[in-house]
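A closer look at the structure
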Amino acid sequence: MWTTYLDWGLADFSGYIAADELYDGPFCVLSIVDNRTFKRLLYQVLDHDPTHRDITAFFNRFRMALRLRRQTLRGVTTDASPLYPEPLREVFGNVRHQICEFHILKELTKAILRAVAGVRKALAERKLPAKRGRPATPQAKRAARQRERLQNKIAALFEHRHLFVQHALTPAERRTLRKITRGLPQLRTLRDLMDEVYRLFDRRCRTDTALAKLAKLRQRVRRFKQVGPILNKLCSSNLEKALTFLDDKLFPSTSNAVERGNRRHRKMQKTVYRVRTQEHIHNRIALDMLRDAQDEDRIDTMKTLHRKRANAGNSMR
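Below you will find a few notes about this structure. (Residues numbered from 1 in each chain as written. Predicted model: local features only at pLDDT ≥ 70, side-chain atom pairs only at ≥ 80, totals over all residues. Heavy atoms only, no water.)

**A look at the packing of aromatic side chains**
Taken as a whole, this structure holds 7 aromatic pairs when the rule is applied. Here F59 and F92 contribute two aromatic rings whose centre-to-centre distance is 5.8 Å and whose plane-to-plane angle is 65 degrees, an arrangement assigned as edge-to-face. Remark: F92 occurs in helix 3 (residues 85–92) and F59 occurs in helix 2 (residues 52–68); sequence separation between them is 33 residues. Relative accessible area serves as the criterion here: at 0%, F59 is assigned to the buried category. Under the relative-accessibility criterion, F92 is labelled buried at 17%. Each ring, one from F201 and one from F245, has its centre 6.5 Å from the other, and the planes form 10 degrees; the classification is stacked. Linking F201 in the loop between helix 7 (185–200) and helix 8 (207–223) with F245 in the loop between helix 9 (237–241) and helix 10 (256–272), this pair joins segments that are 44 residues apart in sequence. The rings of F58, F59, Y84 and F92 are connected pair by pair, giving a single aromatic cluster. In this structure, K39 is placed above the aromatic ring of W8, and the distance from its NZ or CZ to the ring centre is 4.1 Å. For the cation-ring pair, R161 lies above F158, with the distance from its terminal atom to the ring centre recorded as 4.1 Å. (Phe/Tyr/Trp six-rings, centres within 6.5 Å; stacked < 30°, edge-to-face > 60°. Helix = DSSP H or I, 4+ residues; strand = E, 2+ residues; numbered from the N terminus. Buried < 20%, exposed > 50% of the residue type's maximum accessible area, 1.4 Å probe, protein only. Lys NZ or Arg CZ within 6 Å of the ring centre and 35° of its normal.)

So, in structure tokens, the structure goes:
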């Protein structure tokens, strides 16, 4: 049934795929999914960690399936793993390679939150030591008030830390952000940098325009010594590859298609069984793909049954 399934999966092939690997105990599942129709097209279960040789053989199988059906590949979306660039060049040549936008933003938001945590730690170190009991002298009372102000500042930065990485802020959230960053200009700079990063992925831009903005943003980060070492990920070449989709309106910016299948597989593994073998994983995924291929017929059957049941109920009345 494999040939029949591929005929169905590639009948409306969009030309864009997402590739990813899923680790399940000692096994690894390689998957290729149509990044627009969300159909799993090819998979392979390995009993070891994948190498470039495994990825190359896997892509060669998919290239042969495309050639037999006279289909062409327009773009590939993967995560930032180093497994894929070299095999992609070897098998598909100069096909456009998109790094998943979500994975890049995830790393950048982690860097921003680490910087905010560093500021909180620096504020905690500024608190003056206190003796046990109530403060009696004016100096002790002044130190207690300072500790309370700093603790309130630290608590506010922790409670509203999401405001530094949230995509869009309401006017009320912006007022809150200005309030908690009062006296901390480096934190406002972090929020401005995050806004600039989000603007890079605006589809109204072209890739060349976004790369020019990125070059200016990198120069700006180098001027701020406090945040520059933390945001070294802005200088990564993966960020430039994550902007490839801007020149093609049909090119998906994320690998959500294959990630969604991986999430479904993990959930299925938790509920079906705990003992995993290579053959069981292979059969489980094949059964899941067969179910996807029969989804349209199953929906039509259910609608027909519901319609017949409704007509039978009306005739009895």
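**Some words on the sheet that holds strand 4 (residues 75–78)**
Sheet architecture is open: 5 strands sit in the order 3-2-1-4-5, paired in mixed fashion. Every other strand in the sheet has two partners, leaving strand 3 (40–46) and strand 5 (96–99) as the edge strands with one partner each. Strand-to-strand, the axes of this sheet are offset by a mean angle of 20 degrees, without reference to chain direction. When strand 1 (residues 16–24) meets strand 4, the two strands line up parallel, connected through 3 bridges. In the sheet register, Y16 faces strand 4, and the bridge partner there is G75. (Pairing = 2+ DSSP bridges. Axes fitted to C-alpha atoms, helices over the stretch in contact; angles between N-to-C directions.)

**A word on the packing of helix 4 (residues 101–125) against helix 5 (residues 138–159)**
Axis separation between helix 4 and helix 5 bottoms out at 9 Å; the angle between their running directions is 170 degrees. What the angle tells us is that helix 4 and helix 5 run roughly antiparallel. When the axes of helix 4 and helix 5 are compared, the crossing they make is left-handed. Contacts from V119, R120, L123 and A124 in helix 4 reach L150, K153, I154, L157 and F158 in helix 5. Classifying every residue of the contact of helix 4 with helix 5 gives 7 nonpolar, no polar and 2 charged. (Parallel < 35°, antiparallel > 145°, perpendicular 65-115°, else oblique. Left-handed = near helix turned anticlockwise from the far one by under 90°. Contact = heavy atoms within 4.5 Å. Nonpolar A, V, L, I, M, F, W, Y, C, P; charged D, E, K, R; others polar.)

**Considering the pairing of strand 1**
Among the 9 residues in strand 1, 8 count as buried, and that is most of the element. Pairing of strand 1 with strand 2 (residues 27–34) involves 8 bridges; the strand directions are antiparallel. Pairing of D24 across the sheet is with F27, part of strand 2. Counted between consecutive antiparallel strands, the loop separating strand 1 from strand 2 contains 2 residues, among which G25 sits at a positive phi close to 65 degrees.

**A look at helix 2**
With 17 residues, helix 2 should cover 24 Å at 1.5 Å per step; its first-to-last C-alpha distance of 24 Å lies within 8% of that length. Along helix 2, the residues that are buried comprise D54, I55, T56, F58, F59, F62, A65 and L66. For helix 2, the elements touching its buried residues are helix 1 (2–9), strand 1, strand 2, strand 3 and helix 3. (Expected span 1.5 Å × (residues − 1).)

**As for the nonpolar core**
The biggest cluster of nonpolar side chains holds 40 residues, and the ones touching the most others in it are L157, F164, L187 and F201. If you list the elements that add at least two residues to this core, you get helix 4, helix 5, helix 6 (171–180), helix 7 and helix 8. Excluding anything up to four places from it in sequence, F164 contacts I112, V116, L157, L177, I180, T181, L187, R191 and M194. (Core = buried A, V, L, I, M, F, W, Y, C linked by side-chain atoms within 4.5 Å.)

**Observations regarding the pattern of salt bridges**
According to the stated counting rule, one finds 11 salt bridges in the structure shown. In this structure, R69 engages D7 in a salt bridge whose closest nitrogen and oxygen atoms are separated by 2.9 Å. Placement of R69 in the loop between helix 2 and strand 4 and of D7 in helix 1 is noted, with a sequence separation of 62 residues between them. Between D192 and R220 there is a salt bridge, and its shortest N-O distance comes to 3.9 Å. With a gap of 28 residues between them, D192 in helix 7 and R220 in helix 8 connect regions that are remote in the sequence. Accessibility expressed as a relative area gives 36% for D192, which makes it partly exposed. (Salt bridge = Lys/Arg side-chain N within 4 Å of Asp/Glu carboxyl O.)

**Side note on a positive patch on the surface**
There is a patch of like positive charges on the surface, built from R174, R175, R178, K179, R182 and R188. Broken down by element, the residue count for the positive patch peaks at 4 residues, all from helix 6. For R182, the position within the fold is in the loop between helix 6 and helix 7. We classify R182 as exposed; its relative accessible area is 57%. (Patch = residues over 30% accessible without salt bridge, like charges linked within 9 Å, V, L, I, M, F, W, Y side chains within 5 Å. Areas by Shrake-Rupley, 256 points an atom, 1.4 Å probe, with all protein chains shown as cover. Lys, Arg positive; Asp, Glu negative; His and termini not counted. Charge placed at Lys NZ, Arg CZ, Asp CG, Glu CD.)

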